[in-house]
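# Structure assessment
Here's the letter readout for the chains.
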Amino acid sequence: MKKINFKLFSVTSIFALLLITSACATEDLEPTLSQDKSVEGAITKVDNLYGILKGALNRATSSGYWGREMIALNEVRSDNAFSNGNSGRYTTQGEFNYNENSGGIWDNCYGVIALANVIIQQDAASLEGDAALASHYQGAAHFLRALAHFDLVRTYGQQHSGGTLGVPIVTTFKGDDLFPSRSSVSEVKAAIMSDLATAYTMMDTQYDDKEFISKFAAPALASRVAIYFGEYQLAEQNAALVINSGIYSIIPGADFVGSFATKENVNSIFELAYSQTDNLGGNSLGYIYKFAPGGTGYGDVQPMAAVEALYETGDARAGILGYQGDKLTNMGKYPDINGWDNVPVIRYEEIVLNYAEALFRNGNTANATTQLNSLQTARGASTTPATLDNIMLERRKELMFEGFRWDDLMRTGSDIIYHGTLENVLGTLSYPNNKFAYPVPAAELNANSNVTQNDGY
Amino acid sequence: MKKLLLLTSAFMLIAFSGWSQKTVTGTVLDDGGLPLPGATVIEKGTSNGVSTDFDGNFSIEVAEDATLEISFIGYTTAEISASADDFNITLAAGNELEEVVITGYTSQLRSEVTGAVTQLDSEALTQLTVPTVDQALQGQVAGLTITTNSGTPGSTSQIRIRGISSITAGNEPLLVIDGAPVINGNVSNSTSSSFMSALSAIDANNIASISVLKDAASTAQYGARGANGVILITTKTGSSGETKFNISSYYGVQNDAIYGPKMLTANQKFELYSEALYNDNTDTFSSISDAGDYILANVSRYRNWEADGRPEANWADVITNQDAPIQEYNFSASGGDDNSTFYASLGYMKQEATVIGSSFDRISGQLNITRKLNDKLTFSSNSSVGVTEQEGILEQSAYFEGPRTAKFFGDPLLRVLNEDGTPNQYGGGVPNPLYITRENINDIKFTRIVTNNSLTYDIMDGLTFGTRLNVDYVIRDRKYYTNTIYGYSVPNGGELSDSHANNVTYVIQNYLDYNWELNDSHSLDFKILQEYQTNRFNGLSASGESFPDAGLFYLDNAGAPVSVGSNYSDWHVGAYLASVHYVGFDGKYVGDLTYRREGNSRFGPDNRWGDFYSIGAAWNLHKEDFLADSDIFDNLKLRASYGKSGNANISLNQYQALLAYDADYAGQGAVYTSTFGNSDLSWETNYSFDVAVDFGMLDGKIAGSLGYYQRDSEDLLLNVPLSLTTGFSSQTRNIGSVRNNGVELEINFNVISSEDFNFSIGGNLATTENEVTTLAKDPNGDTINIQTSRTIIDEGQPIRAWYLPTWAGVNPQTGAEEWYVNGVDGATTTVFNEAEQVLQGGSALPTLTAGLNIHLDYKGFYLDANGFYAGGHKVYEGWHRYLNESAVGFSVGPYQGYETLLTDAWRQPGDVTRNGKLTAGTVPWQRHSKFLYDGDWARLRTLTFGFDFDQSTLAGTGLDGLRLYVRGNNLLTWKKDDNQKWDPEVDLGGETGLETPPTQSFIVGLNLKF
C-alpha cells in the first residue's frame, strides 16, 4: 500500500507540474498582432490622422474608383469613346447592358467616406501635435467625403432618370444607423456643399500638396458640383476664388501633352499619386486605353473616329491622339501603360471653363469670352465667342478622355447614341432614361433593405 | 565468472523491476495452423507490447501475474495468463467487430466502439497513383465526399464529411497524424497558380491506416475542431523479429480522363464568322460565302490567316503532354527485438502532369522507432521528412499565360511554329504557350518535417502516464518569373517574385490513463488529457522587374525592386479532456462519456473557452443469450451517440476591430480600417445525433453497417453582409444555423471464400440533405440572404442553392434564345434582364454518393476494382460567355468556340437546336439555366490485376514475397448530362473551370519483400 501511495503521489505531482508548466489560461491564448493594430488606442497623434488620410487616398486610387472605373465608365458611355471588347471589358457599360451584378464605384466610394469619417470624428484637441495641421487634415477629410458623395450621386442618383432619389449620406464611422436609406438628390447636394465649405475654412495653404488635398481644391470641386447641378451663382463664386488665389495657371500648349507624364504641374490642383512601385499595372487607365507592345493587353476603350476631326491644325491637344496599328488610340492622357503616372482629378483648366460657363449663364458674356479665349490661345486653337455650344465644345476638347463628357451630356439633357464593339450604332436612348442612373449593387440591396434599387433594374 | 555475471544480471534485473518479471515466449497461429506474423501481443492494461515475427514467434517481458492479449485484424482476440504453461496460441477467425480500430486518442475493439468510425488499411490507400493520400479516400467511406481542385500533381482536395455545416467558416475536417493535429490545406501563396497540398509531402506508403471519425462520440475528443469530422493517420510501426525489407515501385503513363469540349478548327471558325456576319447583314451580303470574302479582305485577323496560307493551330495538341510518365520507388525496412522496434523508409516519386510545364517530385523518408527504456518507460518517435517540388501552371482562372487557357481560348488561325521550328511569337490576348511554359518559372519548393515523440510511463497496474511532443515544420519557397522576351511582362523587362515562408506547429499533450477492472465482466477506462497547440507563421517576399537579359532568375539581377513584404501571425489552442469508457457484462454493453474544454485564440478574451461533450452507447446484441447461438447473426451491434462539437475555422483576428498598415500612397505608408470587429465572437457549435446498427451475418459472409445521422450547426461563424455604406463588406458574427442529415450504409459480401478462390463485393452509400435553417436579419426583419449571380444562401434551401433565370430554349420559328419571364413557365422574353432569377433546385453538393469495391483472387492472381458515383447535384459551365454563345463575337474574334456552335445552330424555321441564330456580336455575362447541368457522374476509379508469387515458388530466391501488377485509374467515366463537356469532378464552387482534369493512368508495378 505504501508503495502505491508513493507512486500515486509522485505521479500526480509530476502530472500537476507538467500541467502547470504547459497548461494554458486565457492569457496564454492571446494572438500576436504584428502587422495590424487595434483601433482603440491607435490614434493618439496628429501624425496618425495623416496615416489614415493616406489610407483614404489609397482607396481612391483603386482601379474600381479613380484608378480606372470612374473615368472609363463615363468615357465609354459618352460620344468620346466606345469599347472594342478586346479583353471583354466595358462592353457591358458601353452598350448600356448593366444590372445589379455589374460592379461600379459604390463600395470604393463608401470605403473612402468611412476613413474620412474616422478622421473627422477625432477630437483634434486631444491629439498631440500641431493643431493647425490637425485642422488641415480634418479639412482634407471633409473634402474627400464631399468628393466621394459627389461621385456617388452623379453615378447612382436619379436626377437624369426622372426620379429624385440620391444616395445615402454617411457622416459617422460605425455610427448608430448601419442601414441608412437613400437621401434625395438635393439633400446630397446640400451635404456636399456644406462639407466643401467646412473644408475650405479648415485647410491652410501652408500645408498644400498637389498629391494631397490643398486649400483651394475645395472651392475648385465646389465649382464643379455647382456647374453639374446648375447652380451658376455658386459656380461663379467658387471658380473665382480659385482663379484669384493666383496659385495655379493654365499650362502652356507646348507642355500640354508632356504634362500628363510629369507630376505636380502648374495646372494641377489635385492629382492621385502612382509610381513605378505603386501602380495598378494591368488594371490601370493606361492599360485599358492602349495595347501593350506586341499587341497584347486590353486596350478596350477606344476613341470614336469622329473625335479626330474636332481638333483644328495647330491645336496642341491633338497630340493626345495617335494610332496603334490601324486603331485610333488615346496616347497622351495616362500615357504609361502600367499606370505609373499620376491621375489628375482636378485641373485648373476645368475651373477656367467652369468660370467661363458660369459667367455666360449669369449673363456676363464679355468676361466669359475672355476666359474662354485665354484657354484657346494657350492651346493654339482659334478664338471663338462664348456661346453655350462653344463652351461645351471647348470642354470636350480640353477634357477629352478624363471622364467629364458624360456629365456634360447629362446636364444638358442630351439623347445618347450607343455603340457596339465595331463602333457600329446599336441604338439611341432618349433623355431622361432609367439607364442614365447606374444600378445599385446587389450586395447593398441584399444587406440593407432600406436602400431601394433604381427603376428598371 | 559467468555465474557471477549471471547472478549480478539477475539481481539487476530484479532490482530494476518493481515486481517480479518473466519472459514469455510463444507462437501465434491462425485458424489454419499456420504461423501468423505481425500479430500483436500486449500485456493487458499497459502499453507494453510486441509483434510476432515472420514465423509467428514472440518474446515479451511481462509481470508474473499479467494477462497477455493477442490480437490480429480479422481474428478474435485471445487472452492468456502469463503463468500459463503453453504459449502456442491459435487465433480463431474472427468477425469484423473484433478488428482493432483507432479512434481518437485510443484504439479499441470494433465491438466497443460507440461512434461512427471507418478505417482503411494500407492496401486501400495505395490504390490511387497520386501524390496526396487524401484522394484515396474517395468512394471508400460512406458520407465522405472529396473533390480535387485540379489534376495537377500535388494539388489540394476539398473533403466534406456528412455535408456542409458552415457557410463562411471552413468546412475541412481536422487532420491528425499519430495523435497530434497538424496543418493541412494549400501552402502556395498564390491564388492564380496551381495549389499545393501540405499533405503532398507525406508518402502514402508510410501509412498503416486511416480512420475517419464522423459523429460526435468519436470526434468529441477533438471537440472544438471536430465538427467537420476528423481524419486520423497512423504511420507504420515495426514489429519485433528479423528485419524485413520491402521494395515497391511502379511506372506508368497518364492522360486526361476527359478531353473536354471540342473546339473549332481554323476553317470552322471562318465558317462560323461568315455565317454570323451574313445573318447580321443580309442586305449587304448576298450569301454566306460573300460575307466570307468580305472577312478575308477586311478583317485583319483573317486577312493575315489567308495570306499565311491558312495555317491551323491545334492548341490542344500543343499543350498536352501525351502519356505523361509517373513513377514511384519506395524502400522500407522494419524490424526490432524485444525492447525496440523500428520502421524506416525512403521513397521517391516523380510525376509529370498531362499539360506541358507542370510536374511534381518528392523525396520522402520516415523513421519510426519505439524503444522500451525500461519495463516501465516506453519511448517512441515517429519522424517523417518530405521534400517536394511542384512546377505549377496558372490555372485557377482564365489567365492568358496559362497553358490550359490556350487549349480553350487560343486562336486556331495562328501558326504555332515558325519555319525554323521555334515557337511563333505572335501578339494578341493569349500568347504562345509553348514559349511561355518553356521560359517562365512557376515553382514551389516545399519541405515538411513532422516529428512525433512520446514517452509513456506505467506507474502501476492499469495506470499509465504519457506525454507527447509533436513538431510540424513546414518551409515553402515560391518563385514566379515571367520572361523578358515574350509575354505580358515584356514592357516591364521581365518580372520575378520570390517568397519564403515557414510555419511551425507545436503540440504538447500530457495524459493519464487508468484502466479499472471492476471484475471479470466489467471494466472502466478513464482518461484525462491536457493539450496545448501553437502555430507560428513567418513570411517574407520580394519582387522586382527590369532584367538586363533573359535567363536571370534571381532578384540580384532585377534592375527595379518593386515590392517587399514580411509578416507574422500566430494562433493557439489549449484544451482539457476527460473521458470514461465503460464495457460491461462481458462486452454486451458499452458506454462512452467525453468532456472537453477548449480555448482558441481566434476569439475575444471573454469568449475564448467552450465546453464540448458527447455521450455514446452500444449494445452488442450478439452477446446476449437470445442471439448467442444464432446461425444468422455473427455479430449485431446497436449504437447511438449524441454530442456537441465546435468549429473555429475562420481567419485570424476577426474579433478585433483593426487598422491595417500595409497600404501605401505617394511612397509613404498608409493606414486603413480592415476588420469591423466583434468582441462577442465565439465558437460555431454542432449538435450531432447518430444511430446505427453494425452487423455481421452468415458466418462472415455479410458484414456492414446502416445508420442515420443528424447534424445541427448553430451560431454559425457567418460573414454577415453589411451595408457597403459602412465602408466594410461584412462582419463576422455568430448567427444562423444549418442542418445536415442523411443515411449511411456500408456493406460487404464475401460471396465465395475458399482456399483457392475468393470473391467479395462491398460498397457504401450515403445520402446528404443540407438545409439552411436560419440566417441573420436586418433591422426591418428581412432575411439577409447572400446572393450572387448564380447562387443564393437562403432559409429553407441548401447552402449556395442554384439561383438563375430559366432558359426557355431556342424559339424554333425565330431562332432567338428565350427566357421565362417568371422563371418557371408561361410568357417568354428575348431580353435577358427581364427574366427573373429563381431557384433551380439543388446545389453543388451531391445528395447521394456511393462507392463499390470488387475483389477476386484465384491461386495468387487477383483482381480489384473500385468505382465511385456522386449524384443529385448540379454544376455550372464556367466561361461560356467567351466560348459557347450564339452571339459568337468572342469565338470568332480573339478567342475560340465550341464546335457545337457550328453544328447545332438554328438556321431555318422549324429547327430545334441548342444554339440560336448565329450573330457576330457579343453578350455581357448572362448566367442562366442553359448552362446548368445535372452533375451526376460515376467513375471506375481503380482496376488492378496482379499476381502474388507463392512461398513455394520463391523458396530459394531469398524473397519472402513478390507481387506483379498492372493498374488503371479513372478508366471509365460516365456523365448523366451529355451537354456538359467538361470533367464531371467539379469542386464545391460548382463551376467547371480550366484546371487540369483528373488523370487516367496505366501503371505497372512490382513489390518485393525479403
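Going by the structure above, here's the rest.
The structure contained in this document is the topic of the report that follows.

The rules behind each value
- Residues numbered from 1 in each chain as written.
- Chains lettered and ligands numbered in written order.
- Predicted model: local features only at pLDDT ≥ 70, side-chain atom pairs only at ≥ 80, totals over all residues.
- Heavy atoms only, no water.
- Core = buried A, V, L, I, M, F, W, Y, C linked by side-chain atoms within 4.5 Å.
- Buried < 20%, exposed > 50% of the residue type's maximum accessible area, 1.4 Å probe, protein only.
- Helix = DSSP H or I, 4+ residues; strand = E, 2+ residues; numbered from the N terminus.
- Domains from an automatic or database assignment.
- Contact = heavy atoms within 4.5 Å.
- Pairing = 2+ DSSP bridges.
- Buried area = accessible area lost by both parts, 1.4 Å probe.
- Salt bridge = Lys/Arg side-chain N within 4 Å of Asp/Glu carboxyl O.
- Polar contact = N/O pair within 3.5 Å; in protein donor to acceptor, adjacent residues only side chain to side chain.
- Nonpolar A, V, L, I, M, F, W, Y, C, P; charged D, E, K, R; others polar.
- Patch = residues over 30% accessible without salt bridge, like charges linked within 9 Å, V, L, I, M, F, W, Y side chains within 5 Å.
- Areas by Shrake-Rupley, 256 points an atom, 1.4 Å probe, with all protein chains shown as cover.
- Axes fitted to C-alpha atoms, helices over the stretch in contact; angles between N-to-C directions.
- Lys, Arg positive; Asp, Glu negative; His and termini not counted.
- Charge placed at Lys NZ, Arg CZ, Asp CG, Glu CD.
- Phe/Tyr/Trp six-rings, centres within 6.5 Å; stacked < 30°, edge-to-face > 60°.

## As for the nonpolar core
One finds Tyr-65 and Phe-143 of chain A to be the most contacted residues of the largest nonpolar core, which totals 191 residues. A total of 14 residues in this core trace back to one element, the largest contributor, which is helix 6 (residues 131-156) of chain A. Looking at which domains feed residues into this core, each of domain 2 (138-257 + 322-416 + 430-460 + 476-481 + 502-538 + 574-645 + 682-800 + 844-878 + 933-1009) and domain 3 (266-311 + 886-922) of chain B supplies at least three. If we ignore the near neighbours within four places in the chain, the residues touching Tyr-65 of chain A are Arg-59, Ala-60, Met-70, Ile-105, Asn-108, Cys-109, Val-112, Leu-147, Ala-148 and Asp-151 of chain A.

## A short note on the pairing of strand 12 (residues 157-161) of chain B
All names here are of chain B. The buried fraction of strand 12 is high, at four of five residues. Of the pairings in the sheet, the one linking strand 11 (residues 144-148) to strand 12 comprises five bridges and is antiparallel in character. Bridged to Thr-147 within strand 12 is Gln-158.

## Things to note about the interface of chain A and chain B
Contact residues are listed per partner, giving 89 residues for chain A and 81 residues for chain B. Of the roughly 7100 Å² buried between chain A and chain B on both sides combined, carbon and sulfur atoms contribute 58%. For the pair chain A and chain B, the number of links is one salt bridge. Note that Arg-608 of chain B and Glu-30 of chain A form a salt bridge whose closest N and O atoms lie 2.9 Å from each other. Applying the counting rule to chain A against chain B returns 25 residue pairs in polar contact (both at pLDDT 80 or more). Where the side of chain A that touches chain B is concerned, the elements lending two or more residues are helix 1 (2-22), strand 1 (36-38), helix 2 (46-60), helix 4 (91-94), helix 5 (106-121), strand 3 (268-272) and helix 16 (442-447) of chain A. No other element matches helix 1 of chain A, which puts nine residues into the side of chain A that touches chain B. Considering only residue class, the side of chain A that touches chain B consists of 40 nonpolar, 32 polar and 17 charged. Examined bridge by bridge, strand 1 of chain A and strand 30 (residues 658-665) of chain B share three bridges and lie antiparallel to one another. Residue pairing across strands places Ser-38 of chain A opposite Leu-658 of chain B, the latter belonging to strand 30 of chain B.

## Looking at the environment of Ile-326 of chain B
All names here are of chain B. Within the secondary structure, Ile-326 is located in strand 18 (residues 324-336). Among the residues examined, Ile-326 registers a relative accessible area of 0% and is labelled buried. Residues Ile-326 and Phe-87 lie 239 residues apart in sequence; the distance between their C-alpha atoms is 48 Å.

## A closer look at a nonpolar patch on the surface
Residue and element names in this part refer to chain B. Among the surface-exposed residues, Tyr-251, Tyr-329, Phe-331, Leu-346, Tyr-348, Ile-363, Val-385, Val-387, Ile-449 and Phe-1010 lie close enough to one another that they form a single nonpolar patch of about 850 Å² accessible area. On the secondary structure map, Val-387 appears in strand 21 (residues 377-391). When its relative accessible area of 41% is taken as the criterion, Val-387 is described as partly exposed.

## Notes on the sheet that holds strand 45 (residues 837-843) of chain B
All names here are of chain B. Within the open sheet, the four strands sit side by side as 39-40-41-45. Their pairing is antiparallel. The two strands at the open ends of the sheet, each matched to only one other strand, are strand 39 (786-787) and strand 45. In terms of strand pairing, strand 40 (residues 791-793) meets strand 41 (residues 801-805) through two bridges, oriented antiparallel. Bridged to Thr-791 within strand 41 is Trp-802.

## With respect to unusual backbone geometry
The omega torsion of the bond from Tyr-431 of chain A to Pro-432 of chain A falls at -10 degrees, within 30 degrees of zero and hence cis. Topologically, Pro-432 of chain A is positioned in the loop between strand 9 (425-429) and helix 16. The residue Asp-323 of chain B is not glycine, and still its phi comes out positive at about 50 degrees. Locating Asp-323 of chain B in the fold gives a position in the loop between helix 7 (315-319) and strand 18. In this model, Asn-970 of chain B sits at a positive phi of 55 degrees, which is unusual for a non-glycine residue. Residue position: Asn-970 of chain B is located in strand 51 (residues 961-975).

## Structural notes on the sheet that holds strand 4 (residues 57-63) of chain B
Residues and elements named next belong to chain B. One open sheet holds the three strands; their spatial order is 4-1-7, and the pairing between them is mixed. Edge strands, defined here as strands with exactly one partner in the open sheet, are strand 4 and strand 7 (88-90). Geometrically, the sheet is characterised by an average inter-axis angle of 40 degrees between neighbouring strands, direction not taken into account. Relative to strand 7, strand 1 (residues 21-29) runs parallel, the two sharing three bridges. When the sheet's bridge partners are listed, Thr-27 is paired in strand 7 with Asn-88.

## Notes on the environment of Leu-765 of chain B
All names here are of chain B. Note that Leu-765 resides in strand 37 (residues 757-767). Classification of Leu-765 by relative accessible area gives partly exposed; the value is 38%. Sequence-wise, Leu-765 and Gly-851 are 86 residues apart; in three dimensions their C-alpha atoms are separated by 6.5 Å. Among all residues touching Leu-765, those that are not within four sequence positions of it are Ala-142, Val-743, Glu-744, Leu-745, Leu-848, Thr-849 and Ala-850.

## Regarding the pattern of salt bridges
In a structure, side chains of opposite charge can pair up when their charged atoms sit close to one another. As enumerated under the stated definition, the model contains 61 salt bridges over all chains in all. A salt bridge links Arg-160 of chain B to Glu-172 of chain B; the nearest nitrogen and oxygen atoms lie 2.9 Å apart. Of this pair, Arg-160 of chain B sits in strand 12 while Glu-172 of chain B sits in the loop between strand 12 and strand 13 (174-177), and the two are twelve residues apart along the sequence. For Arg-160 of chain B, a relative accessible area of 8% puts it in the buried group. Judged by its relative accessible area of 29%, Glu-172 of chain B is partly exposed. Here Arg-301 of chain B ties to Asp-411 of chain B by a salt bridge, and the two come within 3.1 Å at their closest N and O atoms. Note that Arg-301 of chain B is positioned in helix 6 (residues 300-307) and Asp-411 of chain B in the loop between helix 8 (403-409) and helix 9 (433-439), a separation of 110 residues in sequence. Residues participating in the shared-partner salt-bridge network are Asp-315, Arg-317, Lys-333, Arg-347, Glu-349, Arg-379, Glu-394, Lys-397, Glu-398 and Glu-402 of chain A.

## Focus: the side chain of Gln-840 of chain B
All names here are of chain B. Along the chain, Gln-840 turns up in strand 45. Gln-840 gets classed as buried once you look at its relative accessible area, which sits at 18%. Separated by 3.2 Å, the side chains of Gln-840 and Thr-806 make a polar contact. The contact partners of Gln-840, leaving out residues within four places of it in the chain, are Trp-802, Leu-804, Pro-805, Thr-806, Lys-874, Ser-929 and Leu-932.

## A few points about a negative patch on the surface
Where like charges cluster on the molecular surface, the negative patch consists of Glu-64, Asp-65, Asp-461, Glu-517, Asp-520 and Asp-586 of chain B. Here Asp-520 of chain B lies in the loop between strand 24 (495-519) and strand 25 (522-545).

## Examining the packing of aromatic side chains
Residue and element names in this part refer to chain A. Within the structure shown, the criterion is met by 62 aromatic pairs over all chains. When the centroid spacing of 5.9 Å and the interplanar angle of 40 degrees are considered together, the rings of Phe-96 and Trp-406 count as tilted. Placement of Phe-96 in the loop between helix 4 and helix 5 and of Trp-406 in helix 15 (residues 405-411) is noted, with a sequence separation of 310 residues between them. Here Phe-96 and Trp-406 have matching classes, each one buried. Grouped by ring-pair contacts, the aromatic residues Phe-96, Tyr-98, Trp-106, Tyr-110, Tyr-156, Trp-406, Tyr-418, Tyr-431, Phe-436, Tyr-438 and Tyr-457 constitute a single cluster.

All we've got here are geometric facts, nothing functional implied.
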